[in-house]
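Each chain, letter by letter, is given below.
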Amino acid sequence: MSVKSKSKILLKKTTALLFKLLIACLFITLLQVLFFKWIDPFTSSIMIQRKIGLLFSGKKDKSIKYKWYDYDDISKNVALAVVTEEDQNFPFHIGFVFEQINKAIKDRQEGKRLRGASTISQQVAKNLFLWEGKSFIRKGFEAYYTILIEFFWSKRRILEIYLNIAELGKQIFGVGKASEIYFKKHPSELTRSEAALLAAVLPNPKRYSVTNPSKYVRKRQEWILRQMKALGGAAYLKDL
């Protein structure tokens, strides 16, 4: 057999193998998304990454604070405050705000830092399944998972999972556990002001504090409260 024939056979085998791997990956990721359509996550990719970091840190407390609460057991003030802060178009978009994507591409071409401004759906995709970072590779995987969860999950389910896995302080995940730790109350009892304060730290929970809020956090809290009223209150999310 000639070298050329052997090369063709090798290329065909490699192509077939890559195709099988691609199909396997598509099948596995689809199963992941369908699984969490009905099963509440007991952890997330970001929590696992934080846990690994804690194991190699000098901290005595290496625990992750996390407790699941169903959507109906969380104050609607919190749901509205989070949507107000993170993604006001959440009830209406299909997972992406293309204006923000175009701005991100333009900024990258101009040599600026890769922008964030992800939708809640994109954040769920990242926090539940992926790793941190702002590379185009990770953003590509994020977009893929976002399409899947927008197609297979309801908006209510997406928001429910976001409320439960969002990072809200050092080693604290989910508004339920945050409510217990910061306000000593059940998340269904959170007031508009408390909900707005939690939402105000979401952009950077490692830097911003709920227990000792800076002037900036207080200003964000006040802005969120005004926006919650402008959006019409809890009725804004009634169709989720």
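None of these values were measured; they are calculated from a predicted model.

Moving on, we get to the packing of helix 9 (residues 192–200) against helix 10 (residues 215–230). Where helix 9 contacts helix 10, the two axes come as close as 8 Å, and the packing angle between them is 120°. In terms of their interaxial angle, helix 9 and helix 10 are classed as oblique. Pair helix 9 / helix 10 crosses with right-handed handedness. On helix 10, the residues that touch R192, S193, A196, L197, A199 and A200 of helix 9 are V217, R218, R220, Q221, I224, L225, M228 and K229.

The subject of this paragraph is unusual backbone geometry. Of note, the phi angle at Q171 is positive, near 70°, even though the residue is not glycine. Counting through the fold element by element, Q171 comes out in the loop between strand 2 (167–169) and strand 3 (172–173). A positive phi angle, close to 55°, is found at K184, a residue other than glycine. The exposure class of K184 is exposed, given its relative accessible area of 68%.

Take the confidence of the model for the chain next. Averaged over the chain, the pLDDT score is 90; the fraction of residues at 70 or greater is 90%. When pLDDT is averaged over each element of the chain, helix 7 (residues 155–165) comes out on top at 98 and helix 4 (residues 98–109) at the bottom at 61.

This brings us to the packing of aromatic side chains. Under the criterion given, the structure shown has nine aromatic pairs. A cation over a ring is seen here: K155 above F90, with NZ or CZ 4.5 Å from the ring centre. Over the ring of W223 we find R220; its NZ or CZ atom is 4.5 Å from the centre of that ring.

A cluster of nonpolar side chains, F19, L22, I23 and L26, forms an exposed patch at the surface whose accessible area comes to about 370 Å². Tracing the backbone shows L26 in helix 1 (residues 3–38).

By the definition in use, this model includes 14 salt bridges. Note that D40 is salt-bridged to R157, the shortest N-O span being 2.9 Å. With D40 in the loop between helix 1 and helix 2 (45–55) and R157 in helix 7, this pair connects stretches of sequence that are 117 residues apart. Residue classification places D40 among the partly exposed positions, given a relative accessible area of 30%. Between K238 and D239 there is a salt bridge; the shortest N-O distance is 3.3 Å. Assigned by exposure class, K238 and D239 land together as exposed. One salt-bridge network, in which partners are shared between bridges, spans D40, R157 and E160.

What counts as what
Per chain, the residues get numbers from 1 upward, laid out in the order the sequence is written. In keeping with the model being predicted, local features are shown solely for residues with a pLDDT of at least 70 and side-chain atom pairs are shown and tallied solely at 80 or more, while totals for entire chains, interfaces and linings include all residues. Excluding hydrogens and water, the side-chain values take into account all heavy atoms of the structure. To get an axis, fit a line to the C-alpha atoms, keeping to the stretch in contact for a helix; angles then go from 0 to 180 degrees between the N-to-C directions. The helix count covers DSSP runs of H or I at least four residues long, the strand count covers runs of E at least two residues long, and both are numbered beginning at the N terminus. Any angle that falls under 35 degrees is termed roughly parallel, while one over 145 is termed roughly antiparallel, one within 65 to 115 roughly perpendicular, and all others oblique. Two helices that cross are described as forming a left-handed crossing if the nearer one is turned anticlockwise from the farther one by less than a right angle, and a right-handed crossing if clockwise. Contacts are assigned to residue pairs with any non-hydrogen atoms lying within 4.5 Å of each other. Burial classification: accessible surface area is computed with a 1.4 Å probe over protein chains only, and a residue below 20% of its type maximum counts as buried, one above 50% as exposed, and the rest as partly exposed. A score between 0 and 100, pLDDT records how confident the predictor is in each residue. Aromatic rings from Phe, Tyr and Trp, taking only the six-membered ring of Trp, are treated as a pair when their centres fall within 6.5 Å; an angle between ring planes under 30 degrees marks them as stacked, one over 60 as edge-to-face, and anything in between as tilted. When the NZ atom of lysine or the CZ atom of arginine is within 6 Å of a ring's centre and also within 35 degrees of its normal, the charge is said to sit over that ring. Residues forming no salt bridge and having over 30% relative accessible area are the ones grouped into patches, like charges within 9 Å of each other and nonpolar side chains (Val, Leu, Ile, Met, Phe, Trp, Tyr) within 5 Å. Computed with the Shrake-Rupley method and a 1.4 Å probe, the accessible areas treat only the protein chains shown as cover for residues. We define a salt bridge as a contact between a side-chain nitrogen of Lys or Arg and a carboxyl oxygen of Asp or Glu at a distance within 4 Å.

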